[in-house]
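# Descriptive structure summary
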Amino acid sequence: MMINYNKINFKKSSTLFISGQYPDGKFYIINKGKVIFESYFADNFKYEHKKGDIIGIVSAVMDEPYFSTSKVIEDTEVIEIDVREIEKIDNVELMNKIYKHLINTMEVWIKKYYYFLSKYSKVDSTVKLNIIDVFKAYKDKGFSDAALKIYKNNTNKINTKEIKTITSKIEPIESPQEITKGVFNFKKGSCIFEETSQNNYIYMIKSGVVGVYSYFNHKPITRMIYSDNDIFGYKDLLGKKIIATTAIAIEDSIIKVMDKKEFESMIIEDKAVRVYLIKMMSARVYNTIARIKAVNINNVILKILTVIEGLIKLELMFKRTNYISLFHTIDDILSMVFIDYTDYVEREIKRIKSIKITNEKNVVISNINSFFKEYEIYLKRNSDKMNEDFGDEI
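Note that this is a predicted model, so its numbers are computed, not measured. (Residues numbered from 1 in each chain as written. Predicted model: local features only at pLDDT ≥ 70, side-chain atom pairs only at ≥ 80, totals over all residues. Heavy atoms only, no water.)

### Description of the overall build of the protein chain
Summing up its helical and strand segments, the protein chain has 13 helices and 20 strands in all. Radius of gyration (C-alpha) of the protein chain: 22 Å, near the 21 Å computed for a compact globule of 394 residues. Taking the principal axes of the C-alpha coordinates as reference, the protein chain spans close to 65 × 55 × 40 Å. The long-range share in the protein chain, meaning contacts at least 24 apart out of those at least 6 apart in sequence, stands at 75%. Working note: accessible area of the protein chain is about 19700 Å², and carbon and sulfur atoms make up 48% of it. In the protein chain, 60 positive and 53 negative side-chain charges are present, and the distance between their average locations comes to 2 Å. (Helix = DSSP H or I, 4+ residues; strand = E, 2+ residues; numbered from the N terminus. Rg over C-alpha atoms; globule rule 2.2 N^0.38 Å. Contact = heavy atoms within 4.5 Å. Areas by Shrake-Rupley, 256 points an atom, 1.4 Å probe, with all protein chains shown as cover. Lys, Arg positive; Asp, Glu negative; His and termini not counted. Charge placed at Lys NZ, Arg CZ, Asp CG, Glu CD.)

Shown next as structure tokens:
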């Protein structure tokens, strides 16, 4: 099916769109020319797009303001597409182009996220990964099956007496049982794949909860918590795998396991899956950018609220609700911005009126409208404080 589009020309030195501007449901493919993006919130980070590149799709899909300003550095022609036209796309090559663009965008921002984590936690990100440290970090976190798989996949590197002793005391979790062709039952605590090895599959959760983590500075940081109908693992198969991940079943989970060919067949046959995946990938980019902004905020409450705001926006992509009980614990949230759960942090968290922490430490937003009002208040307070702190320079 053909999609509708417009061609628009921009002269050199003009601006395609600016940070903070709403996208009006449009995204673009560069037909000729070059555009440079500048992201002021990320130390004026600049990156370039050229012919064939897709731009603005995350903001268009999320209906959120652009997070970067795009400056035209050559006379440029773009194809303007309404985001609703995505539902009509049945061309595999174009769909894969959109997926790979979103994966590349995610990789750019994930790399930037870890840069800021390293900067503010004063960690040297150039230090070579130590497999034994990764093994111990997952073991200490209580993810014993992940530690065991890291050991088995790296015995040539960590086959020491100490590690052998530790692993001998780990009780293996029952291997995933195949229920029907390609659909497996993963027991709670099972490691689906671990970050020191190649992942060659894509996963769709039929039921259950899966946590995805990355090792950083001696501990696993929560990347995302996935639940029913979520798809994960595609980044490792379709992308460059810049940042490796470990996936663990947080609850007993029924998961469909697919290779690339099966995955492509599924998205060709099922329009709903195609649209869902683009929305989900866009939301994950938005989440990563929210975390970068949170890392750069000094106020502890606003840090936490900024991370949660991104997670709420992801949930609201697929449901209409004023109540959300996240699968994320408060420890998951804090790990994303590298904060320890100290007495001070606990006191600060209790000041947030719009969220509650369950006995299991899960985060509950009982009134989303109230959350966004509180979030706006803290944003304004933080902005006012920055203006006071830098008043002489503004």
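### Observations concerning the environment of proline 220
Tracing the backbone through its elements, the reader meets proline 220 in strand β14 (residues 219-226). In this structure, the C-alpha to C-alpha distance between proline 220 and serine 335, residues 115 residues apart in sequence, is 8.2 Å. Excluding its chain neighbours within four sequence positions, the residues that come into contact with proline 220 are Ala137, Tyr138, Lys141, Tyr213, Ser214 and Tyr215.

### Let's talk about the nonpolar core
Counting 107 residues, the largest nonpolar core has Phe232 and Ile308 as the members making the most contacts within it. Here this core gets 13 residues from one element, more than from any other, and that element is helix α9 (residues 271-295). If you look at the next biggest cluster of nonpolar residues, it comprises 18 residues, including Ile131, Phe135, Tyr215 and Ile225. (Core = buried A, V, L, I, M, F, W, Y, C linked by side-chain atoms within 4.5 Å. Buried < 20%, exposed > 50% of the residue type's maximum accessible area, 1.4 Å probe, protein only.)

### Let's talk about the side chain of glutamate 195
Topologically, glutamate 195 is positioned in the loop between β11 (191-193) and β12 (202-207). Buried charge without a salt bridge: glutamate 195, with arginine 223 as the nearest opposite-charge side chain at an N-O distance of 7.9 Å. A polar contact is formed between the side chain of glutamate 195 and the side chain of tyrosine 138, at a distance of 2.4 Å. Sequence-distant contacts of glutamate 195, that is, excluding residues within four places in its chain, are made with Tyr138, Tyr213, Ser214, Tyr215, Ala244, Thr245 and Thr246. (Salt bridge = Lys/Arg side-chain N within 4 Å of Asp/Glu carboxyl O. Polar contact = N/O pair within 3.5 Å; in protein donor to acceptor, adjacent residues only side chain to side chain.)

### Some details on the packing of aromatic side chains
Going through the model one piece at a time under the given rule, you end up with 25 aromatic pairs. Both rings, one in tyrosine 115 and one in phenylalanine 116, keep their centres 4.9 Å apart while their planes meet at 70 degrees; by these two values the pair is edge-to-face. The exposure class of tyrosine 115 is partly exposed, given its relative accessible area of 39%. Ring plane angle 35 degrees and centroid distance 6.2 Å describe the contact between phenylalanine 193 and phenylalanine 232, whose orientation is recorded as tilted. Note that phenylalanine 193 is positioned in strand β11 and phenylalanine 232 in strand β15 (residues 231-232), a separation of 39 residues in sequence. Of the two residues, phenylalanine 193 and phenylalanine 232, both sit in the buried class. A network of ring pairs unites the aromatic residues Phe17, Tyr28, Phe37, Phe41, Phe45, Tyr47, Tyr66, Phe67 and Trp109 as a single cluster. The ring of phenylalanine 338 carries the charged tip of lysine 219 above its face, separated from the ring centre by 5.2 Å. (Phe/Tyr/Trp six-rings, centres within 6.5 Å; stacked < 30°, edge-to-face > 60°. Lys NZ or Arg CZ within 6 Å of the ring centre and 35° of its normal.)

### Remarks on the sheet that holds strand β4 (residues 35-39)
The 4 strands are arranged β2-β7-β4-β5 in an open sheet whose pairing can be described as antiparallel. Each edge of the open sheet carries a strand with a single partner, namely β2 (15-17) and β5 (45-49). Shown here is a sheet whose adjacent strand axes are inclined to one another by a mean of 25 degrees, direction ignored. Strand direction decides the pairing type here: β4 and β5, joined by 5 bridges, are antiparallel. In the strand pairing of β5, isoleucine 36 is matched with glutamate 48. (Pairing = 2+ DSSP bridges. Axes fitted to C-alpha atoms, helices over the stretch in contact; angles between N-to-C directions.)

### Digging into unusual backbone geometry
Residues other than glycine seldom take positive phi values, yet aspartate 24 does so here, at roughly 55 degrees. Checked against the element boundaries, aspartate 24 lands in the loop between β2 and β3 (26-32). Residues other than glycine seldom take positive phi values, yet asparagine 217 does so here, at roughly 50 degrees. Mapped onto the fold, asparagine 217 is located in the loop between β13 (210-216) and β14.

Honestly, that's just the spatial picture; any functional story needs more than this.
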